[in-house]
Amino acid sequence: MTEFEYAPALESTSILNLQSDYKLFINGTYTAAKAGKRFTTVNPSTGEAIASISYAELDDVNSAVAAARAAYTKVWGKMPAAERGKYLFRIARLLQERAREFAVLETLDNGKPIRESRDTDIPLAAAHFFYHAGWADKLDYAGLGTNPKPLGVVGQIIPWNFPLLMLAWKVAPALAAGNTVVLKPAETTPLTALLFAEVCQQAGLPAGVVNIVTGDGVTGSYLVNHPDVDKIAFTGSTAVGKAIARAVADTKKSVTLELGGKAANIVYDDAAIDEAVEGIVNGIFFNQGHVCCAGSRLLVQESVQDEVIEKLKRRMALIRVGNPLDKNTDLGAINSAEQLARITELTNTGDAEGAERWSAPCDLPSKGYWYAPTIFTGVSQTHRIAREEIFGPVLSVLTFRTPAEAVEKANNTPYGLSAGVWSEKGSKVLWTASKLRAGVIWTNTFNKFDPTSPFGGFKESGWGREGGRHGLAAYLKGGKN
Amino acid sequence: MNRIDVMKTYKLYINGAFPRSESGRVYELKDAKGAFIANPCWASRKDLRDSVVAARSAFSGWSKATAYNRGQVLYRIAEVMQGRSSQFADEIVAQEGITTKQALAQVEESIDLMVWYAGWTDKISSLSGANNPVAGSFYNFTTPEAIGVVGAFIEGKPSLISLIASVGSIIASGNTAVVIASEKFPLTAITFAEVCATSDVPAGVINILTGKTPELVGWMGSHMDVDAVDASGLSSKQLTELKIAGADNLKRIHSFKSVKSPDRILAFVEHKTVWQTIGV
């Protein structure tokens, strides 16, 4: 059989106007951090520095919150809702106009394939602004009674796996509801948020409505503990989510949390196996597995186990790992050295505890942070790789015999964010979906997102939803019922 | 000679039965004028844990019962409460030091409140469910589901209304309840347990403990199999303690001012969104 090789198809970075150093965005202008501390953001596919970033200390966070408060009191809170909505429509359109630039920058800073940043992250981010723009003057119909009120100043802390998309999930509903925002992007992926600040300027968004403070977890804690912040919205690890819940326990702050997951992806013997294999690959290898709702536990019915695993391995061998800017690339770089170490440590326990490792044969680049697509078979429920979130391109395979056993195993986790079900029998699909204790269930598909569709978890996967009417409600105080 | 009244032993209500506290402890309850009324049980941590086990066991059956069925069970509670109006009223008079007329008014309001919650069971989905017009070939819907085992700290006065608001809103969507009665006004809660035992409420769906609220707060908060807590009856200091302990498993903790609001029901549901692929 003739094999065709892919020619490289590199996306150009010439569209970017990269700066050597970036400042905070406070009160509508780029502002240097007062203490002058800086940190470096790195291209994870090469390990090379991209730019130097201002580190926000307490003083800077205070300025950002003060700017947000002033904007809330004097401008944004008073503005007619329809006008507020028009600003959000503008932002949505500007994101679409500059989509290519954002996609390239996201891939550079995060390491994800350009195919994903171009086709998923950036278009969905624009869609979130467009969707919420329309809500701004329709809040009476959000199910909270007439004339619901914004909460005030919202502190938002987002992760590094979908930097601009998570920004959109947070900022769009907050602004539509009439709040103002202080956003802290993740330490390793600040660039698209800082470019978003430029979009806010182009949109003419009033100063102080959106403020962006870059830094690490300490910067985030200044925001969480700030007495003039009315709400905290956080996406990240369950451990940090619990710490935030404790930190605000004696305050009136409202909180939404989108935390970890260990999703089961259930494949029944009557599934369309080839489609299911594609779904398994998409479920765990999308975005290098850096996805809180990743289908990281494959539960396959024993009778089709051999067929599924064989086809899965064959398919995994075709995954193209490499330069994220190459349009052919399926699997990009691991986001940071720290995350690579975490994946390595946890997968080593898989070997030690007796699971069988198989990695796709692929050449990993010599520079940067990389991990080959990997599955573990023979995994038992007690293994750490079946219980803990690996947050990398690593799938743990377990088996079951009956639907009841599948559900029992799927629910045997403190998490409850998402799950997948593969079967051609509609009644079985719905039965399974009704039994799964998770906030998002994909049936015969996986990892689909939409601004109209509420997303969020049961149990220790978080508090509240993002997207749809349910997500919007988290930024409003109830009106008259 | 006057007949001697038969005094009642007030016990706990766990898994459909009426045990004493396993600790053997009771506390003395006096009426508004300082006269002895009863020795309600002083529930222990073990009693709380037993109640959570009962509530967890009852959860799958109750949450998967049809909404119509749950509505009828809640309505049945109201029916049986009606028959015990005077008993509730006597206890309210003794505990709260109000007139019989005022107490009867409270009982009537409580019964009507339970009827109100009974009517909600099959309407919660209409209120907070959704079909979501996602951009793709999918049928996507969101439905509210019961959250699991919900603890409740009941406010003092008016004791019966507070109790019904909490229990009615928790169980309407399919949750099961571990109720901590008001420490000062527990009698109506125990009589309510007798109502539950004769109202088609499956064992374990409602469990009621009497005892010392301050020591139960931490135990409830740190229990890893309690999913949520109605903290309406707690002081702000107790609420903070509950929230800090409850962060260990991210309990959903809410307090309410209104006794009659769908917000109380919606606080203790989880929204599940299902994406179904459309295709041939």
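Residues numbered from 1 in each chain as written. Chains lettered and ligands numbered in written order. Predicted model: local features only at pLDDT ≥ 70, side-chain atom pairs only at ≥ 80, totals over all residues.

Asks: Which residues make up the pairing of strand 18 (residues 440-443) of chain A, and what values go with them?
Replies: Residue and element names in this part refer to chain A. Judged by which residues are buried, strand 18 turns out to be covered on both faces: V440 and W442 on one side and I441 and T443 on the other are all buried. Bridging between strand 17 (residues 418-422) and strand 18 involves 4 bridges; their strand directions are parallel. Its bridge partner lying in strand 18, S418 is registered against V440. Viewed along the sheet, the connection from strand 17 through helix 14 (residues 426-435) into strand 18 turns out right-handed. (Buried ≥ 20, exposed ≤ 12 C-beta atoms within 10 Å, placed from the backbone. Helix = DSSP H or I, 4+ residues; strand = E, 2+ residues; numbered from the N terminus. Pairing = 2+ DSSP bridges. Right-handed = clockwise from strand over helix to strand, strands pointing away.)

Asks: Outline the sheet that holds strand 6 (residues 176-180) of chain B, supporting the account with residue identities and numerical values.
Replies: All names here are of chain B. Pairing in this open sheet of 5 strands is parallel, and the strands run 7-6-5-8-9 from one edge to the other. The open sheet has two edge strands with one neighbour each: strand 7 (206-209) and strand 9 (252-254). Going from strand to strand, the sheet's axes swing by 15° on average, the running direction of each strand aside. One ladder, built from 5 bridges, connects strand 5 (residues 149-153) with strand 6; its direction is parallel. By the bridge assignment for strand 6, V150 is matched with A177. Docked against the sheet, helix 1 (residues 45-64) engages strand 5, strand 6 and strand 7, running at close to 155° with respect to strand 6. The strands touched by helix 6 (residues 159-172) are strand 5, strand 6, strand 7 and strand 8 (228-230); relative to strand 6, the strand with the most contacts, the crossing angle is about 160°. (Axes fitted to C-alpha atoms, helices over the stretch in contact; angles between N-to-C directions. Contact = placed C-beta atoms within 7 Å.)

Asks: Explain the sheet that holds strand 15 (residues 374-377) of chain A to me, using residue names and the numbers behind them.
Replies: The mixed open sheet is built from 10 strands, whose spatial order is 14(A)-15(A)-16(A)-13(A)-12(A)-17(A)-18(A)-10(B)-4(B)-3(B). Either end of the sheet is taken by a strand with one partner, and the two such strands are strand 14 (356-359) of chain A together with strand 3 (130-131) of chain B. With 5 bridges connecting them, strand 13 (residues 297-301) of chain A and strand 16 (residues 394-400) of chain A associate as parallel partners. Across the sheet, the residue bridging to Q301(A) is F400(A), located in strand 16 of chain A. Each of strand 12 (264-267), strand 13, strand 16 and strand 17 of chain A is contacted by helix 9 (residues 273-285) of chain A, which is oriented at about 165° to strand 17 of chain A, the strand it contacts most.

Asks: Let's hear about the environment of Q339(A): which residues, and what values?
Replies: All names here are of chain A. For Q339, the location among the structural elements is in helix 11 (residues 337-352). With 22 C-beta atoms counted inside 10 Å, the residue Q339 sits in the buried group. Sequence separation between Q339 and I266 is 73 residues, and the spatial gap between their C-alpha atoms is 27 Å. With sequence-adjacent residues up to four places away left out, Q339 is seen in contact with I334 and F391.

Asks: Residues and numbers for the environment of P373(A), please.
Replies: Within the secondary structure, P373(A) sits in the loop between strand 14 and strand 15. Discounting chain neighbours no more than four positions away, the residues touching P373(A) are F285(A), M316(A), I319(A), L331(A), S359(A), A360(A) and P393(A).

Asks: Let's hear about the interface of chain B and chain A: which residues, and what values?
Replies: With 28 residues of chain B at the contact, the number on the chain A side is 29 residues. Of all the secondary structure elements, the ones that give two or more residues to the side of chain B that touches chain A are strand 4 (138-146), helix 9 (236-246) and strand 10 (269-277) of chain B. Of all the elements, strand 10 of chain B adds the most residues to the side of chain B that touches chain A, at 8 residues. Looking at the side of chain B that touches chain A, its residues break down into 10 nonpolar, 12 polar and 6 charged. (Nonpolar A, V, L, I, M, F, W, Y, C, P; charged D, E, K, R; others polar.)

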